[in-house]
Amino acid sequence: MIVVTGATGNIGRRLVGRLLAEGAAVRALTRDPARAALPAEAEVVRADLTGTDDLAPLLDGADALFLNLAAGGDGATARLVDAAVKAGVRRIVLNSSIGVTDTPADETNFISRMHAALERAVRDSGLEWTFVRGANYATNTLAWAASIRESGVVRDAHPGARGVPVHEADLADVAAVALLDRTGAHLGQTYQVTGPETMTVAEQVAEIGRAIGRETRIEQISEDAAVEAMSGPHLPKEAARELVRMFGGTVDAPPFAPSDAVERVTGRPARTFAQWARDHAADFS
């Protein structure tokens, strides 16, 4: 039995389907089972990880746990690690961030700081573990969907910011291999999972335009305007400012290069951003 947190998220939904296709028993955790729309073969269980309920029953009989910080925040995921130990779970595959470097630099921004702390908790648990450190999620560009639908224009402070956007299906595929591993080849491994190419924000906007058959363009705005647009109930203004400045720093020096982790783990090349844009064309149309 494999427990999947964030089962209705972009990665989780793909992972549930992949695990079921491999014949695994899956317990999918979600806040609202009635709206989950997951395959009937999955055991869909209501779970509000941000609450104070005992988490141990969610892991009863489980062999492995896919842990995603986005499913409940750092406090909830740390509690899940403790519950996994008590429930006798054998393995955790953690969806982490490529921003984690195992150096003092991990304390310089909130993304790497949170993920590094959770990685330490998993290591200290004594359970088997694999870390899937994802690069720039291609799904982050869904934040542009409304603007592209309305005007074909994306407003961003740093059109030349560079990254290596990764398809959520690749993150799910790498996680699935680690969760199902019977040889021990992936235990204690840290995989930096990226897309196959470095791209600027402007290039990603143009690629979405090609996928939907419509002209799209980018309009540069100030950092302050970008912070205001990005911040909200789930992202404090100071955290948004950190992100905007971090993206600005990649214009001249991309923080990491494309890796071959997807191909090494799954046996096939990573999906391109062009494929991601075609897969999500309906979201922008």
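Use the structure listed above.
*Asks:* Where do I start with the packing of aromatic side chains in this structure?
*Replies:* The description of an aromatic ring pair uses the distance of the two centres, along with the angle that the planes make with each other. Taken as a whole and assessed by the stated rule, the structure comprises three aromatic pairs. Plain terms: the ring middles of W129 and F131 are 4.2 Å apart, the flat faces sit at 20 degrees to each other, and that makes the pair stacked. Comparing W129 with F131 shows no difference in burial state: the two are buried. Each member of the aromatic cluster is reached from another via a ring pair, and the members are F273, W276 and F284.

*Asks:* Would you take a moment to explain the pairing of strand β2 (residues 26-30) for this structure?
*Replies:* Put simply, side chains in a regular strand alternate between the two faces of the sheet. Judged by how many residues are buried, β2 sits mostly within the fold: five of five residues are covered. Both faces of β2 are covered, namely the face carrying V26, A28 and T30 and the face carrying R27 and L29. With respect to chirality, the unit in which strand β1 (residues 2-4) leads through helix α1 (residues 10-21) into the neighbouring parallel β2 is right-handed.

*Asks:* How should helix α3 (residues 110-124) be read in this particular structure?
*Replies:* Helical periodicity: at 3.6 residues per turn, an α-helix aligns residues three or four positions apart in one direction. Taking 1.5 Å as the rise per residue, α3 with 15 residues should run 21 Å; its terminal C-alpha atoms sit 21 Å apart, in good agreement. Taken together, the buried positions of α3 are occupied by F110, S112, H115, A116, L118, E119 and V122. Count one or two residues on from α3 and you reach G126, which has phi positive near 85 degrees.

*Asks:* Please clarify how the packing of helix α7 (residues 223-230) against helix α8 (residues 237-248) should be interpreted in this entry.
*Replies:* For any two helices packed against each other, the geometry is given by the interaxial angle and the distance between the axes. The contact between α7 and α8 brings their axes to 9 Å, and the two run at 130 degrees. Regarding the angle of α7 to α8, the classification is oblique. In the crossing of α7 with α8, the sense of the turn from one axis to the other is right-handed. For the pair α7 and α8, the contacting residues are E223, D224, A226, V227, E228 and M230 in the first and K237, A240, R241, L243, V244, R245 and F247 in the second.

*Asks:* Where do I start with the layout of surface pockets in this structure?
*Replies:* The method is simple in principle: a probe with the dimensions of a water molecule rolls over the atoms, and the space it marks as empty is what remains. A volume near 230 Å³ is recorded for the second largest pocket. For the second largest pocket, the lining is made up of 13 residues, of which I2, R90, L179, L180 and R182 are closest to its centre. By residue class, the composition of the lining of the second largest pocket is seven nonpolar, one polar and five charged.

*Asks:* What exactly am I supposed to notice about the nonpolar core here?
*Replies:* If you look at soluble globular proteins, the nonpolar side chains tend to sit buried side by side. Judged by nonpolar contacts, the single largest core of 36 residues is most densely connected at V4, L15, V16, L19, F66, L179 and V193. The leading source of residues in this core is helix α5 (residues 168-180), at eight residues. Excluding residues that lie within four positions of it along the chain, V4 makes contacts with G12, L15, V16, L19, V26, R27, A28, L29 and F66. Counting 25 residues, the second largest nonpolar core, distinct from the first, contains A76, L118, V122 and L127.

*Asks:* I keep staring at the side chain of R133 and nothing clicks. Help me out?
*Replies:* Residue placement: R133 occurs in strand β6 (residues 128-134). Among the polar contacts listed, one links the side chain of R133 to the backbone oxygen of V100, at a separation of 3.2 Å. Within the structure, the side chain of R133 is placed 2.7 Å from the side chain of E119, a separation counted as a polar contact. Discounting residues that sit within four places of it in the chain, R133 has contacts with S96, S97, I98, V100, D102, E119, R123, T190, Y191, Q192 and V193.

*Asks:* What am I meant to see in the environment of F284 here?
*Replies:* Here F284 is to be found in helix α11 (residues 281-284). Measuring from C-alpha to C-alpha, the distance between F284 and P57 comes to 40 Å, with 227 residues separating the pair along the chain. Here F284 is in contact with T141, L142, W144, A145, I148, R149, I208, I212 and W276, once residues within four sequence places are set aside.

*Asks:* Please clarify how the sheet that holds strand β3 (residues 43-46) should be interpreted in this entry.
*Replies:* Sheet strands pair via backbone hydrogen bonds, and the direction of the pair is either parallel or antiparallel. Strand order in the open sheet formed by seven strands is β3-β2-β1-β4-β5-β6-β9, and the pairing between neighbours is parallel. The strands lining the two open edges of the sheet, one partner per strand, are β3 and β9 (189-193). Averaged over all pairs of adjacent strands, the angle between strand axes in this sheet comes to 20 degrees, irrespective of strand direction. Here strand β4 (residues 64-68) runs beside strand β5 (residues 91-97); their pairing, made up of five bridges, is parallel. Paired with L65 across the two strands is I92, which belongs to β5. Against the sheet, α3 touches β4, β5, β6 and β9, its axis set at about 165 degrees to β5.

How each quantity is defined
Residues numbered from 1 in each chain as written. Predicted model: local features only at pLDDT ≥ 70, side-chain atom pairs only at ≥ 80, totals over all residues. Heavy atoms only, no water. Phe/Tyr/Trp six-rings, centres within 6.5 Å; stacked < 30°, edge-to-face > 60°. Buried < 20%, exposed > 50% of the residue type's maximum accessible area, 1.4 Å probe, protein only. Helix = DSSP H or I, 4+ residues; strand = E, 2+ residues; numbered from the N terminus. Right-handed = clockwise from strand over helix to strand, strands pointing away. Expected span 1.5 Å × (residues − 1). Axes fitted to C-alpha atoms, helices over the stretch in contact; angles between N-to-C directions. Parallel < 35°, antiparallel > 145°, perpendicular 65-115°, else oblique. Left-handed = near helix turned anticlockwise from the far one by under 90°. Contact = heavy atoms within 4.5 Å. 1 Å grid on protein atoms, 1.4 Å probe; cavity = no way out; pocket = protein on both sides within 12 Å on 5 of 7 lines; lining within 4 Å. Points joined across faces, edges and corners; volume = space filled by probe spheres on them. Nonpolar A, V, L, I, M, F, W, Y, C, P; charged D, E, K, R; others polar. Core = buried A, V, L, I, M, F, W, Y, C linked by side-chain atoms within 4.5 Å. Polar contact = N/O pair within 3.5 Å; in protein donor to acceptor, adjacent residues only side chain to side chain. Pairing = 2+ DSSP bridges.

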